[in-house]
Amino acid sequence: MEKNGEKIVNPAAKGRETSEFLMAIVRTLSTSADFEQREKEKARIEKTFIQSDKRLGELVSENYQELAQITQDFSTISKSVNEAREKIKKIKDDLSSCKTLLHCKRDELRRLWIEGVEQKTMVAMLDQIEQIKEVPTKLDNLLLKKHYLHGTELVVNAVAKLENQLVGVEALRDLKAELITRKEQLHDVLIEELNKQIYIKSPNLSSLPGKRGSSVMKQDTLKRKGINGIPAPEKLEFGKEVKEDLNSNPEDDPAHFIAILVESLYMLRKIPEAAEGLKVKIQPELSAIVARTSQAILESSSNQMDSSSQSQCLLDFLESIFHQFRFVAHMHKVVLRNLHKIIVSGVPVRQECLYDMTDVWSKIQAVVELLLREYLDVENTAASRQRAPTSFDEPSTDINSFFAKKRPAKPKKMALFRFDASIHAISTNSYVDDSRAFDTGDLFSSSLLAEMGLEKNQMVCKPSVYNITAIFKPLESFIREIEDAIACPDGTSSLQAFVTDFVQNIFLGQVHYTVLTSIGSATKVDEEDESFDALRHVVDHKTQKELGVSRPLLTSTVTVDKNLQELRELMQDLPDYADQFLNMICNTLKEYKDTCHSAYREIVQYDSDDRRVISAMWAKDEDISRFLRSLPSWRSLQSSSGQELATDDVCSEEEIKALNSKEAQILISNLTSSDGLIQQEIITDVTQMRTIANVHESVEWFSNRMKDFSNRLCARTNTTPAETAAAEYPPVSEKTLSSLRNLVKDFQDLAEICLLLLHLEVRVHCFYFLLPVAKQSNYAGPIDDLDPDSNVLKLNKDLSSMEEVLQQSLQPKKFKYIFESLGFLVASILMNSIQYMKKINENGIKKMCRNLFAIQQNLTNITMSREPDLDHARQYYELLYINPDDVITMIAEKGSQYTFQEYTELIKLHHRSHAALSPSQLENRMQKLKDVFFKTPNGD
């Protein structure tokens, strides 16, 4: 160690060095025998001593102030030590004297000590008594502020003192009895407060109408944020000691408040009783929640009594119930975690005395099932249940009976008039029916209502099996929450089993029965109207306007569509049963398709041998049907129906004329055979044509709607989860979907066949009336008949009748398709009929021209066009006024206007009409015609 640049040596070490140095000198001097050596050693030592003395003097000079101060301090300390020794000596003497004196007074001191202890004990007991006397007042104040932990601790400690330290104080006997009673009552208060936190504090008014959007909380949100600020039970820190803050409101933190209540019950040693009390109260309290919510819903929607608002009320009611039941389950979970915390801490509680979340969810399921039994009217529908078919793949009931023609009923005596349909009767009957339907006194059993805690007037809507449609989705979501919460061993909860049983065994059967009943009521024969036919009865103008159609539709079709629309809505409301509802739709479509085909066959069948009218056979003929569908008029009709007409399909006027000519040739070749005239192969009743037109419009409208529906469906095997979530309808079986699309195609085919039938039937009528014009009439008579042929007049009347019914029943574009190019066909028929005339004179020519003019006028009124093809036919017959040679010359000069065959038949008729002409002349003229015709530019 150095100071001021000099090395400071430890004094003890310096002393040892000095001693060792002296001992070395002594040893050297004693062992040295030479005097000189000793003198040298002495001289060295003296020299060293001088140096040391000199060094010492220097050090003393340098440290004089420190040495002086050390000397003074040493003197002060020495003096203080001496004074302390004197004082200690005096104290020892005094203590010795006191010991001697105390030894002399020992008995008296013992007596005084005992008296002091007794006095201290008495004072402590008096303090305890004073504190215990204040316990009731303090307890009331604590309970008033709901500081139950401090209150419980206070009363438990007070009773413990009264039963131990103060057990012998007779003056506290009444207070002791009172506190014991208060302790027992506190147990009930704590149980009641727990139930209040679990049930009464639930957000029971948060899901009333108008608040649905903000009240129904998502389950993931509940797990993430908790309910009403309560953290999820899994996140509660149960390792912490439960403490109560007297300066805060304990209900601000419900989870902590529940922990305080459970801890208080633990202090009272009432955990088993508390668990049993909570378990017993679950179902009554849940039923009370149902009753309170029902009353609140009724009060908030007292003025809304229509069916849609009632369904909304039921949905709001159930969503509010589910929301509250989730809260109840959550609170029970918090309670159970606190109870298990106490058990884990070592409190001896039998496990069977507690309950678990399975018990809670079981009670919730039982209450919800009981509630559903009331609102779904299970008790009444089960008694008169309409069972569903065992397999929806096959129809269980033949609905053909609803559409088939019925035998004429016996005439019965009819009332002159009645008031059933009057406004007063209808409104009165409607009011009575609604009152009866909503009178729950006859619909619900008193035991079920009593168990639910409901009164007869506390139902938020009418009970009906169809209520399941409004609540199925939230109900299934709630059931999935339950199954996730309790992890059902068999995978299905009791509530799910009830819902499944209800839908499969009651609801589906009821829907199936309702659909059949609805269709049956719309198509049954009225006993007072024997002529009523399901396929002739059309909807009124009001319904027609509501449907947005311009032409009448069959009532049966609209009824079937309405029922299928309800089934489609059920597919959306109950997505889990989409296949069953789609099977119902397919079965109904199949039955209605068969019915329409059966009615169609009855119309086109004209005798008992299953023979059909000509137009029906042709409409079903593949070749003729394919040709008619290839015509521009048909393609134009399809394009106006929504299908684009390709550019290549647009025909010129010459091509259209050629196709019309081909159509006429096909018809003429089939109908102008040698078999004779058409007999019974046409539809003579024009009302049947109206029926076919109505069937066409109805079936086409219906098939378009069903096609749109089928296009919005997707098969289950080809659908991704994202597509399923975005789809309008749930995915269905691929087999059923294929069956639906095939049925839609059948309806489209039927609609097209009906239109083709009308197109052909009008043309067959022309053949029916015009073929006898040439074959049976006389055109060589001596008298000029000013009227057209009777068959022509009949044809005009027939065409006018068909125009009247078809114009009302068909859309303009289809009406145009029926009568379009009809003039060309009539002209072709009459021009082709020239071969059947035996002879003709000027009067006959005039008569034929009158026939053509009369038909032209009628067709012009129908089609609103000139019909120039009839002018062409009239000019053809007017060529009979001219000599055949002049006709041939005209062909050579101006070209041909007709075909070679038409010119040939014209010349042949001229020769048949003039008997003086020889066959050789006919042959010469025919050869001349042939030479001229095939040399002209327009020759064939």
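Going along each chain's sequence as written, the residues are numbered from 1 onward. Local features in this predicted model are restricted to residues whose pLDDT is 70 or higher, and side-chain atom pairs enter the listing and the counts only when it is 80 or higher, whereas totals over whole chains, interfaces and linings include all residues. The side-chain values count all of the structure's non-hydrogen atoms but skip hydrogen atoms and water molecules.

**Q** Outline the environment of Q835, supporting the account with residue identities and numerical values.
**A** Mapped onto the secondary structure, Q835 falls in the loop between α32 (822-832) and α33 (842-863). Owing to a relative accessible area of 34%, Q835 belongs among the partly exposed residues under this scheme. Put simply, Q835 and K775 are 60 residues apart on the chain and 9.2 Å apart in space, counted from C-alpha to C-alpha. Any two residues whose heavy atoms approach within 4.5 Å at even a single point are treated as in contact. Apart from the residues within four sequence positions on either side, Q835 is in contact with E905 and R912. Whenever two N or O atoms come within 3.5 Å, that pair is a polar contact, provided that in protein one can donate a hydrogen and the other can accept it, and provided that, for residues adjacent in sequence, both atoms are side-chain atoms. At 3.0 Å, the side chain of Q835 and the backbone oxygen of N832 are in polar contact. Where helices and strands are cited, they refer to DSSP runs of H or I of at least four residues and of E of at least two residues respectively, numbered from the N terminus. Residue burial is assigned from relative accessible area. The probe radius is 1.4 Å, only protein chains are included, and a residue is buried under 20% of its type maximum, exposed over 50%, and partly exposed in between.

**Q** I'd like to hear about the packing of aromatic side chains, residue by residue, with values.
**A** Stacked, tilted and edge-to-face are the three classes assigned to paired rings of Phe, Tyr and Trp, where Trp is represented by its six-membered ring and a pair needs centres within 6.5 Å; plane angles under 30 degrees give stacked, over 60 edge-to-face, the rest tilted. Evaluated as defined, the whole model comprises 22 aromatic pairs. Taken together, a centroid distance of 5.6 Å and an interplanar angle of 75 degrees make the contact between Y466 and F507 edge-to-face. Remark: F507 occurs in helix α19 (residues 494-523) and Y466 occurs in the loop between α17 (446-452) and α18 (468-486); sequence separation between them is 41 residues. For Y466, a relative accessible area of 30% corresponds to the partly exposed category. In this structure F507 comes out as buried when scored by relative accessible area, which is 0%. Between the aromatic rings of Y903 and F933, the centroid separation amounts to 6.0 Å while the plane-to-plane angle is 65 degrees, which identifies the pairing as edge-to-face. Taken together, the residues Y903 in helix α36 (residues 900-913) and F933 in helix α37 (residues 919-933) connect sequence positions 30 residues apart. In this structure an aromatic cluster arises from ring pairing among Y876, Y877, Y898, F900, Y903, F933 and F934. Ring-over charges, as used throughout, are those where CZ of Arg or NZ of Lys falls within 6 Å of the ring centre and within 35 degrees of the ring normal. Here the basic side chain of R269 rests over the ring of Y266, its NZ or CZ set 4.8 Å away from the ring centre. Directly above the ring of F709 sits R568, whose terminal nitrogen or CZ lies 5.2 Å from the centroid.

**Q** Describe in detail the nonpolar core, supporting the description with residues and values.
**A** By nonpolar core we mean a set of buried residues, namely Ala, Val, Leu, Ile, Met, Phe, Trp, Tyr and Cys, connected to one another through side-chain atoms within 4.5 Å. Grouped together as the largest cluster of nonpolar side chains are 216 residues, with contacts concentrated most on F581 and L740. In this structure F581 touches F507, L508, V511, L567, L570, M571 and L574, once residues within four positions along its chain are discounted.

**Q** Before we move on, could you go through the pattern of salt bridges and cite the residues and values that matter?
**A** Pairs can form between side chains of opposite charge whenever their charged atoms are close. Salt bridge criterion: a side-chain nitrogen from Lys or Arg within 4 Å of a carboxyl oxygen from Asp or Glu. In this structure the tally under the stated criterion is 24 salt bridges. Linking E369 and R373 is a salt bridge whose minimum nitrogen-to-oxygen distance equals 3.2 Å. With E369 and R373 both in helix α13 (residues 357-375) and 4 residues apart, the pair spans about one turn of that helix. Two residues, D623 and R626, come together in a salt bridge whose shortest N-O distance is 2.7 Å. You can see D623 and its partner R626 sitting in helix α24 (residues 622-630), 3 residues apart, about one turn around the helix. In this structure, D623 and R626 share a single accessibility class: exposed. Each of K146, E193 and E251 takes part in one network of salt bridges that share partners.

**Q** Account for unusual backbone geometry, with residues named and values stated.
**A** For S821, which is not glycine, the phi torsion reads 65 degrees and is therefore positive. With respect to the secondary-structure elements, S821 resides in the loop between α31 (812-819) and α32. Positive phi, close to 60 degrees, is recorded for M864, a residue that is not glycine. Looking at where M864 falls in the secondary structure, it is placed in the loop between α33 and α34 (868-878).

**Q** Talk me through a negative patch on the surface; I want residue IDs and the actual numbers.
**A** Residues D34, E36, E39 and E46 make up a contiguous surface patch of negative charge. Residue placement: E46 occurs in helix α2 (residues 35-62). Surface patches are drawn from residues lacking salt bridges whose relative accessible area is over 30%; two like charges belong together within 9 Å, two nonpolar side chains (Val, Leu, Ile, Met, Phe, Trp, Tyr) within 5 Å. Working definition of accessibility: Shrake-Rupley area with a 1.4 Å probe, residue cover restricted to the visible protein chains. None of His or the chain ends enter the tally, which takes Lys and Arg as positive and Asp and Glu as negative. In this description, the location of a charge corresponds to atom NZ of lysine, CZ of arginine, CG of aspartate or CD of glutamate.

**Q** Break down helix α11 (residues 271-300) for me, citing the residues and quoting the values.
**A** Look at α11: 41 Å from first C-alpha to last across 30 residues, which is about the 44 Å you get at 1.5 Å a residue. Throughout, bend refers to the angle between the axes fitted to the seven residues that end at a position and the seven residues that start at it. The largest bend along α11 measures about 45 degrees and falls at I282, with the proline P284 one to four residues further on. Take the number of residues in a helix, subtract one, and multiply by 1.5 Å to get its expected span.

**Q** Tell me about the packing of α11 against α13, and name the residues and values.
**A** Helices that pack against each other are described as a pair by the angle of their axes relative to one another and the distance between those axes. Between α11 and α13, the least distance of the axes is 10 Å, while the angle of their chain directions is 40 degrees. Here the hand of the crossing between α11 and α13 comes out right-handed. Judged by residue contacts, K279, I282, Q283, L286, S287, V290 and S294 of α11 engage D359, V360, K363, I364, V367, L371 and Y375 from α13. Taken together, the residues of the contact of α11 with α13 break down into 8 nonpolar, 3 polar and 3 charged. Working convention: axes come from line fits to C-alpha atoms, limited for helices to the stretch in contact. Angles between N-to-C directions cover 0 to 180 degrees. Left-handed describes a crossing in which the near helix is turned anticlockwise from the far one by less than a right angle; the clockwise case is right-handed. Under the convention adopted here, Pro, Cys and the residues Ala, Val, Leu, Ile, Met, Phe, Trp and Tyr are nonpolar, Asp, Glu, Lys and Arg are charged, and Gly plus all remaining residues are polar.

**Q** Please provide a residue-by-residue account of the layout of surface pockets, values included.
**A** Empty space within the second largest pocket amounts to approximately 910 Å³. Cavities and pockets were defined on a 1 Å grid built over protein atoms only: a cavity is a set of grid points that admits a 1.4 Å probe from which the probe cannot escape, a pocket is an open set flanked by protein on both sides within 12 Å along at least five of seven lines, and lining residues are those with an atom within 4 Å of any such point. Lining of the second largest pocket is provided by 31 residues; of these, I656, N660, E820, S821 and D869 occupy positions nearest its centre. The set of elements that each furnish at least two residues to the lining of the second largest pocket consists of α25 (632-640), α26 (653-671), α30 (790-809), α31, α33 and α34. Considered class by class, the residues forming the lining of the second largest pocket number 11 nonpolar, 11 polar and 9 charged. Grid points are joined across faces, edges and corners, and a volume is the space filled by probe spheres set on the points.

Worth remembering: the numbers are spatial, not functional.
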